[in-house]
Amino acid sequence: MTDVITAPPAAPREQVLQRTEPSPDRSHHHSVRTADWILRLRPLATPCIYYLLSRLAVYAAAIMASWLLPSIHPFSALGSSWDGGWYIKIAQHGYPTHLFQEGAGSRWAFFPAWPLAIRGFGILTGFSLADAATILAFLFGLTSAITIWLAVQAHLGRQIADRAVLFYVFFPMALVLSMGYTEGLFLTAAGACLYAISRRWWLIAALSAIVGSLTRDAGAILIVAVVIAALSELRQHRGVRPTLAVLIAPLGLAVFMAYSWMRVGTPVAFLTAEKYWNGGAHFVWFRTPIVALSVVLRAGTHGVQLPGSDFAAIALVFAYVGITLMVRFRRGGTQIPTHWWIYTIGVVLVGFSAYTPTSILRYTMAAFPLFAAYSWKLKPKWDGAVVGLMACAQGALTIVVLAAFVHLLPIYP
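Residues numbered from 1 in each chain as written. Predicted model: local features only at pLDDT ≥ 70, side-chain atom pairs only at ≥ 80, totals over all residues. Heavy atoms only, no water.

### Let's talk about unusual backbone geometry
If you check the backbone angles, Trp82 has positive phi at about 50 degrees while not being a glycine. Mapped onto the secondary structure, Trp82 falls in the loop between helix H5 (74-80) and helix H6 (83-93). The residue Arg200 is not glycine, and still its phi comes out positive at about 60 degrees. The topology assignment puts Arg200 in the loop between helix H10 (183-199) and helix H11 (202-213). Overall, the relative accessible area of 43% leaves Arg200 in the partly exposed class. (Helix = DSSP H or I, 4+ residues; strand = E, 2+ residues; numbered from the N terminus. Buried < 20%, exposed > 50% of the residue type's maximum accessible area, 1.4 Å probe, protein only.)

### Details of the nonpolar core
Within the largest apolar cluster, 125 residues are counted, with the highest numbers of intra-cluster contacts made by Val152, Tyr343 and Phe368. Top contributing element to this core by residue count: helix H8 (residues 129-156), with 13 residues. In this view, Tyr343 contacts Phe186, Leu187, Ala190, Leu194, Ile221, Leu222, Ala366, Ala367, Phe368 and Pro369; residues no more than four positions away in its chain are not counted. (Core = buried A, V, L, I, M, F, W, Y, C linked by side-chain atoms within 4.5 Å. Contact = heavy atoms within 4.5 Å.)

### Details of a nonpolar patch on the surface
On the surface, Ile63, Met64, Trp67 and Leu68 cluster together into a nonpolar patch covering about 470 Å² of accessible area. As for its placement among the helices and strands, Met64 is situated in helix H4 (residues 45-68). What makes Met64 partly exposed here is its relative accessible area of 39%. (Patch = residues over 30% accessible without salt bridge, like charges linked within 9 Å, V, L, I, M, F, W, Y side chains within 5 Å. Areas by Shrake-Rupley, 256 points an atom, 1.4 Å probe, with all protein chains shown as cover. Salt bridge = Lys/Arg side-chain N within 4 Å of Asp/Glu carboxyl O.)

### A closer look at the packing of helix H12 (residues 219-236) against helix H13 (residues 240-248)
Viewed as axis vectors pointing N to C, H12 and H13 meet at an angle of 155 degrees, and their least axial separation amounts to 9 Å. What the angle tells us is that H12 and H13 run roughly antiparallel. The handedness of the crossing between H12 and H13 is left-handed. Side by side, H12 and H13 meet where Val226, Val227, Ala230, Leu231, Glu233 and Leu234 of the first sit next to Pro242, Thr243, Ala245 and Val246 of the second. Partitioning the contact of H12 with H13 into residue classes produces eight nonpolar, one polar and one charged. (Axes fitted to C-alpha atoms, helices over the stretch in contact; angles between N-to-C directions. Parallel < 35°, antiparallel > 145°, perpendicular 65-115°, else oblique. Left-handed = near helix turned anticlockwise from the far one by under 90°. Nonpolar A, V, L, I, M, F, W, Y, C, P; charged D, E, K, R; others polar.)

### Focus: the environment of Leu389
Here Leu389 shows up in helix H21 (residues 383-407). Accessibility expressed as a relative area gives 64% for Leu389, which makes it exposed. Linking Leu389 and Phe171, residues 218 residues apart in sequence, is a C-alpha distance of 9.4 Å.

### A closer look at the side chain of Asp83
Positionally, Asp83 belongs in helix H6. Once residues within four sequence positions are removed from consideration, Asp83 is found in contact with Phe110, Tyr181 and Arg362.

### Thoughts on the pattern of salt bridges
Under the defined criterion, the tally for this structure stands at eight salt bridges. For the salt bridge of Arg107 with Glu102, the shortest nitrogen-to-oxygen distance reads 2.6 Å. One exposure class covers both Arg107 and Glu102, and it is buried. As a salt-bridge pair, Asp383 and Arg163 come within 2.7 Å of each other at their nearest N and O atoms. Here Asp383 is found in helix H21, whereas its partner Arg163 is found in helix H9 (residues 158-170), with 220 residues between them in sequence. Of the residues examined, Asp383 reaches a relative accessible area of 14% and is grouped as buried. Exposure remark for Arg163: the relative accessible area of 8% places this residue in the buried category. Sharing partners across several salt bridges, the network here consists of Asp83, Glu183, Arg216 and Arg362.

Right, here's the structure in full:
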């Protein structure tokens, strides 16, 4: 009775209706939702700004290369030089009906997702394939910075995610994010895949694995990461989506292998085609950088040849130190997730198995959790010096790569 006696008097019925009826002004609610989205997306401004700054260094170097060599058209050259020319050839003509040596290699050594993207974008915009490749490389480089940031932030926090992207976009071999290469597309798919696994978005993870496995051979590691993570989820909680992820993730690679089987008689044409490169290239089971390091150590400062054995040796040291830091990582009880280990170790081993050492440092860059490991260990006060050195190296390497393409020297990313 006391509660009833001391309760405030009821409001008149007209006031109750006035309070419960929705406001006719919907613009306020729309502005609130817009502001909420802006707040959610604001942290992504940092990786985007880092990426744009890094591209200024690359484009400035490309313009400088055109001053030194007037025959270079910097915009088209970025899209069509070295491996970019092979992707454009696939985008224009598709794959041949049999395996053979096409000049200095074979189109079957390359996967179809990137050439398809170039062709589709060229048709939609009317740009030449070389220009389309350059524009797409820029866009996918940006999305790769975003998805890598999301993947790292989900486990290690915003500060490490910011610095990991900073090191990634200024890494010397990240110049290929502005070239007609697969790194931007592949790392967009890889970052999205690992982020989706961490959020248990199984269908997005599976679709990302499809894109990654249709982009380059290391995409098979994404399939393994998705399948193992989904099976682990199924052991704890039965569900339809993890089951679908296990079934869907391998479809992209399976379709490409079936296509190559029907086209040229082997499901592993991308491996068979390696014999047409560099005098019979083949899969060497991750020993190339070890041999390269021994060559560098034996030769000393007088025998190092840029960018062959020395680049592979740098890749070996970079990966070894980064993986060691991942093993030692301890931050507020946070552990490196299993799917990170699967992806990192798998991508490093695939990259180390290249027959020639020239591109191994670029392949190793795809193991982006290594950048998170360095971000955890390096003191923030070192960022300016480290990034400055890498930016100078990235710009200088851009000039060297473009100049070497004109003169057909064996200096390529």
